[in-house]
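# Residue-level structural notes
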Amino acid sequence: MAATPIAVITGASSGIGAATARQLAASGYRVVLTARRKDRIEALAAELTEAGHQATAYALDVTDRAAVDEFATAFRSLAVLVNNAGGALGADPVATGDPADWRQMYETNVIGTLNVTQALLPALTASGDGTVVILSSTAGLSTYEGGAGYVAAKHGEHVLAETLRLEIVGTPVRVIEIAPGMVKTEEFATTRFRGDAEKAAKVYAGVDAPLSADDVADTINWAVTRPSHVNIDLLVVRPRAQASNSKVHRTP
């Protein structure tokens, strides 16, 4: 009897990460949930276990390379890695942006993805059929005013995915990039504006049906479960109301 394939999801404590964990578990993966908030991922692991799935929680800060390397020693073989941990801070123009915010976004979105991917790539390769998923953003493909720090970080993550795919072609590992546009989750905009709920609400004001975390998780689950020879290099997903990062239809 074949062993249950394992999927590691970073940033699994809420939003897209948690939704992805639920969908991959339902697709038959044993999911390993990582995030800094131990209580959140333990609660999710308990929920999934109660539903009859296999789930494990592991508290992890992806920017801590020593901790990531220790985490990776648990895996001899790994089917899927979903690099979801990331996020945005602030919406200031380049002229007044806080370098500390830029540094934190780069560390989480780019260096965090690099740390986990490097540490788990041997196990993904050893599986004979591994998949690396990188959750970037449409911000990694084009710019918008007031978003330069986040845009720069997501461009870095996009290039990481493109370059890794070139470098490991011929190995049994796929590299999939999912680039969502406007997604309304319980925390993304609120975190970006440091808890200012009014500013966060304005991001989605008048937009008919922005994407949900489940919408994005559905695209991840679909891409991961394609036949092994099929690689979804880049999947851009936006709500119908959004034509680009700077063109969004809003009702009065």
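This text follows the structure it describes.
Scope of this entry: the structure provided in the associated data block. Quantities reported herein were computed from a predicted structural model and do not represent experimental measurements. (Residues numbered from 1 in each chain as written. Predicted model: local features only at pLDDT ≥ 70, side-chain atom pairs only at ≥ 80, totals over all residues. Heavy atoms only, no water.)

### As for helix 1 (residues 15-26)
Heads up, the rule is: Put simply, DSSP marks the helices as runs of H or I at least four residues long and the strands as runs of E at least two long, and each gets a number from the N terminus on. In this analysis, the expected span of each helix is defined as 1.5 Å times one less than the number of residues it contains. Type-normalised accessible area, obtained with a 1.4 Å probe on protein chains alone, sets the label of each residue: buried when under 20%, exposed when over 50%, and partly exposed for intermediate values. Whether two residues touch is decided by their heavy atoms; if any such pair falls within 4.5 Å, the residues are in contact.
Between its terminal C-alpha atoms helix 1 stretches 17 Å, which fits the 16 Å expected from 12 residues at 1.5 Å a residue. Burial of helix 1 is extensive: 10 of the 12 residues sit out of reach of the surface. By the burial criterion, the buried members of helix 1 are Gly 15, Ile 16, Gly 17, Ala 18, Ala 19, Thr 20, Ala 21, Gln 23, Leu 24 and Ala 25. Here the buried face of helix 1 lies against strand 1 (6-9), strand 2 (30-35), helix 2 (38-50), strand 4 (80-83), strand 5 (130-135) and helix 8 (213-224). Immediately downstream of helix 1, the backbone of Gly 28 shows phi near 105°, a positive value.

### Thoughts on the environment of Ala 95
Tracing the sequence through the fold places Ala 95 in the loop between strand 4 and helix 4 (99-126). Linking Ala 95 and Gly 146, residues 51 residues apart in sequence, is a C-alpha distance of 10.0 Å.

### A look at the sheet that holds strand 1
Strand-to-strand pairing in sheets goes through backbone hydrogen bonds, with the strands running parallel or antiparallel. Condition: Strands were regarded as paired on the criterion that DSSP finds at least two bridges between them. Axis lines are fitted to C-alpha atoms, over the contacting stretch for helices. Their N-to-C directions set the angle, which ranges from 0 to 180 degrees.
The parallel open sheet is built from seven strands, whose spatial order is 3-2-1-4-5-6-7. Both outer strands of the open sheet, strand 3 (55-59) and strand 7 (234-237), are each paired with one neighbouring strand and no more. Averaged over all pairs of adjacent strands, the angle between their axes in this sheet comes to 15°, without regard to strand direction. Strands strand 2 and strand 3 of the sheet are contacted by helix 2, whose axis makes an angle of about 175° with strand 3. Sitting on the sheet, helix 4 is in contact with strand 1, strand 4, strand 5 and strand 6 (173-180), with an inclination near 170° to strand 4.

### A short note on the side chain of Gln 242
To be explicit about the condition: What qualifies as a polar contact is a pair of N or O atoms within 3.5 Å, subject to a donor-acceptor requirement within protein and to the restriction that residues adjacent in sequence count only when both atoms come from side chains.
Topologically, Gln 242 is positioned in strand 8 (residues 242-244). According to the relative accessible area criterion, Gln 242 is buried, its value standing at 9%. Within polar-contact distance, the side chain of Gln 242 engages the backbone oxygen of Ser 244 at 3.4 Å. Look past the residues within four positions of Gln 242 in its chain and what remains in contact with it is Gly 181, Met 182, Lys 247 and Val 248.

### Structural notes on the packing of helix 1 against helix 2
Our working definition: For classification purposes, angles smaller than 35 degrees are called roughly parallel, those larger than 145 roughly antiparallel, those between 65 and 115 roughly perpendicular, and all remaining angles oblique. Handedness of a crossing follows from how the near helix is turned relative to the far one, being left-handed for an anticlockwise turn of less than a right angle and right-handed for a clockwise one. Under the grouping applied here, Gly and all other residues not named as nonpolar or charged are polar, the nonpolar ones being Ala, Val, Leu, Ile, Met, Phe, Trp, Tyr, Cys and Pro and the charged ones Asp, Glu, Lys and Arg.
At a minimum axis distance of 11 Å, the contact between helix 1 and helix 2 shows a crossing angle of 25°. With respect to helix 2, the element helix 1 is oriented roughly parallel. Seen from above, helix 1 lies across helix 2 with right-handed handedness. On helix 2, the residues that touch Ala 18, Ala 21, Arg 22 and Ala 25 of helix 1 are Leu 44, Glu 47 and Leu 48. Grouping the amino acids of the contact of helix 1 with helix 2 by side-chain chemistry returns five nonpolar, no polar and two charged.

### Digging into unusual backbone geometry
Positive phi outside glycine occurs at Arg 194, with the angle close to 50°. Using a relative accessible area of 52% as the deciding quantity, one classes Arg 194 as exposed. Of note in this structure, Ala 209 is not a glycine but carries a positive phi near 60°. Mapped onto the elements of the fold, Ala 209 is located in the loop between helix 7 (197-204) and helix 8. Look at Ala 209 and you get exposed, because its relative accessible area is 52%.

### A few points about the pairing of strand 4
We apply this condition: By definition, the crossover connecting two strands over a helix is right-handed if that path, from the first strand to the second, turns clockwise as seen with the strands pointing away from the viewer.
Residues Val 80 and Val 82 point to one face of strand 4 and Leu 81 and Asn 83 to the other, with burial holding for every one of them. By the bridge criterion, three bridges tie strand 1 to strand 4 in an arrangement that is parallel. Of the residues in strand 4, the one forming a bridge with Val 8 is Leu 81. Sheet topology places strand 4 next to strand 5; four bridges connect them, and they run parallel. Bridged to Val 82 within strand 5 is Val 133. A crossover connection joins strand 4 to the parallel strand 5 through helix 4; in handedness this β-α-β unit is right-handed.

### Comments concerning the pairing of strand 1
Residues of strand 1 alternate between two faces, with Ile 6 and Val 8 on one and Ala 7 and Ile 9 on the opposite face, all of them buried. When strand 1 meets strand 2, the two strands line up parallel, connected through four bridges. Note on strand 2: the bridge partner recorded for Val 8 is Val 32. For the crossover that starts at strand 1, traverses helix 1 and ends in the parallel strand 2, the hand is right-handed.

That's the geometry; what it means functionally is another story.
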